[in-house]
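Chains, contacts and geometry: an overview
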Amino acid sequence: MSTTLDQPMPNPTGPSPPLVRLVVKPDQGRSLVAAGLIKPGQVVLVDTPPVLYPSSLASLPLFCSHCFRVLPSQPFPCPSCHVARFCSPKCLSLSHPHLLCHALPSLISGNDTWPDDLLFLLSAYSLPSSSLLQLLSLHSNSRYPDEQMPFIHSQLSSFIPPNLVPMHFSPETTSSLLSKKKTNCFLLINPMDQKFGRGPHGLGGARALGFYLWASMINHDCLPNVCLFDNIDDPTRENNTDLIFRALHEIKEGSEICRSYVVLSREYRERHSLLIEYYGFKCKCDRCKIESKWFENEGEYAEGEEEMVEREGNFPHWDLLMRYTCKCGGTLAPLPPYPDGSVSDIIECNWCGVIRKYKPPDDDPY
Ligand SMILES: [Zn+2]
Ligand SMILES: [Zn+2]
Ligand SMILES: [Zn+2]
Ligand SMILES: [Zn+2]
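None of the values given here were measured: they were computed from a predicted structure.

Conventions and cut-offs
- Residues numbered from 1 in each chain as written.
- Chains lettered and ligands numbered in written order.
- Predicted model: local features only at pLDDT ≥ 70, side-chain atom pairs only at ≥ 80, totals over all residues.
- Helix = DSSP H or I, 4+ residues; strand = E, 2+ residues; numbered from the N terminus.
- Buried ≥ 20, exposed ≤ 12 C-beta atoms within 10 Å, placed from the backbone.
- Contact = placed C-beta atoms within 7 Å.
- Core = buried A, V, L, I, M, F, W, Y, C linked by C-beta atoms within 7 Å.
- Domains from an automatic or database assignment.
- Pairing = 2+ DSSP bridges.
- Axes fitted to C-alpha atoms, helices over the stretch in contact; angles between N-to-C directions.
- pLDDT = per-residue confidence, 0-100.

What follows deals with the overall build of the protein. Check the secondary structure of the protein and you find 11 helices and 16 strands. Residue burial in the protein is summarised as follows: out of 366 residues, 33% are buried. Summarising the internal contacts of the protein: among those between residues at least 6 apart in sequence, 63% fall at separations of at least 24.

Right, dumping it as structure tokens:
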């Protein structure tokens, strides 16, 4: 049984009317389900972040403090802090979080390496009260370690002058914000930087982090039905920090919207340890149920080709994975349907942007 959540949430910025609906299931918490039939390639959700913040002080001289694109050779410095820089007069006018702006000159003059938690807290506390409360209403899988709280809250207090102390400012709010951060933050990246950086997790390659109220409610499945287009440098995207989710195949009304939090082609044990370490849960999806058995029976197989043939033979999702996995490690999704509603036979990679024609097999089950 599920109920619609009575929670003040801003509408996602697109599409209109929304194709997703928020539901709460007693066993799983919040999730998004299809509000109607969704076609392959259809944009399911566009989500705009209430708060974005730089991943480190080192990213400030390289990337615009508003949109986090690479700075031009003649950037526009922030007239208040003179530390943040912007790529254009438009980003300059949209500026950056005011408490972060106030703290940056002291932060960069200190010898300490400030944790990104502090950059996050200064940015989150700069939000209007209603947006801050929305962040606090999000679900969280983890708790911030209690013993570190007094230290980080007092550090934070030292950067906020008495006349700028925000509403709800307290050690409890700080602790709650930090616990939401781990579960709900997205890394803002150019996926190809990420590919050649320190891997898809950790801050390697991330220029900024953002909270996304809707996107953070999309649960994980190792056989997802949507994939994320989030290339921050894509010149065709005006709102380049929005997250765009596109359907991989047809999604029936009421079906849960799921994305993969890890690279689709990773094998079971890698996915399992990444999901435990970074997201704090054990995946029990259909694919994991099958693949986990391979490792229970590990001793029965010899290493090598024979083993792969055996595994493929017992794996009904193989075609699906082959279809959606790009050589670069990204995921291939159909282009959005044509204006007349017909489905595109062109697929596009969410990382490298490669576009090619897709011919479904005759017995296409999706
Ligand atoms: Zn910019
Ligand atoms: Zn500033
Ligand atoms: Zn799984
Ligand atoms: Zn690719």
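Structure's up, so let's keep going.
Membership of the largest hydrophobic core comes to 71 residues, with the highest contact counts inside it found for Val-44, Tyr-53, Leu-100, Ala-124, Leu-188, Leu-209 and Phe-245. Of the domains in this structure, domain 1 (3-47 + 212-357) and domain 2 (51-209) are the two that each give at least three residues to this core. Discounting residues that sit within four places of it in the chain, Val-44 has contacts with Leu-19, Val-20, Ile-38, Val-226, Phe-245, Arg-246, Ala-247 and Ile-257.

The phi dihedral of Phe-68 falls on the positive side, at around 65°, and the residue is not glycine. The residue Phe-68 is located in the loop between strand 5 (51-54) and strand 6 (76-77) in this model. Phi at His-168 is positive, roughly 70°, even though this residue is not glycine. When you line up the elements, His-168 lands in the loop between helix 5 (149-158) and helix 6 (171-184).

With antiparallel pairing, the 3 strands of this open sheet are ordered in space as 4-12-11. Each edge of the open sheet is held by one strand with a lone partner, namely strand 4 (43-47) and strand 11 (226-229). Mean inter-strand twist for the sheet, computed between neighbouring axes without regard to direction, equals 20°. Bridging between strand 11 and strand 12 (residues 243-247) involves 4 bridges; their strand directions are antiparallel. Directly across from Val-226, in strand 12, lies its bridge partner Ala-247.

Another aspect to go through is the sheet that holds strand 15 (residues 346-349). Taking strand neighbours across the sheet as the criterion, the 3 strands line up as 14-15-16 in an open arrangement whose pairing is antiparallel. Each edge of the open sheet is held by one strand with a lone partner, namely strand 14 (332-334) and strand 16 (355-357). In this sheet, neighbouring strand axes are inclined to one another by 35° on average, regardless of whether the strands run parallel or antiparallel.

Time to look at the confidence of the model for the protein. The pLDDT averaged across the protein works out to 84; a share of 84% of its residues lies at or above 70. Within the protein, no element has a lower average pLDDT than strand 1 (residues 3-4), which sits at 39, and none a higher one than strand 6, at 98. Here residues 1-8 scores under 50 on pLDDT; set against residues more than four positions off or in separate chains, the count is 12 contacts. Here residues 197-202 scores under 50 on pLDDT; set against residues more than four positions off or in separate chains, the count is 9 contacts.

The next subject is the environment of Ile-152. Take Ile-152: it is sitting in helix 5. Dropping the residues within four chain positions of it, Ile-152 is found in contact with Asp-117 and Thr-174.

Of the strand pairs in this sheet, strand 14 and strand 15 are connected by 3 bridges, and their pairing is antiparallel. Each bridged residue has a counterpart across the sheet, and for Pro-334 the counterpart in strand 15 is Ile-347. Summarising the sheet, strand 15 and strand 16 pair through 3 bridges and their orientation is antiparallel. Bridge pairing in strand 16 links Ile-346 to Lys-357.

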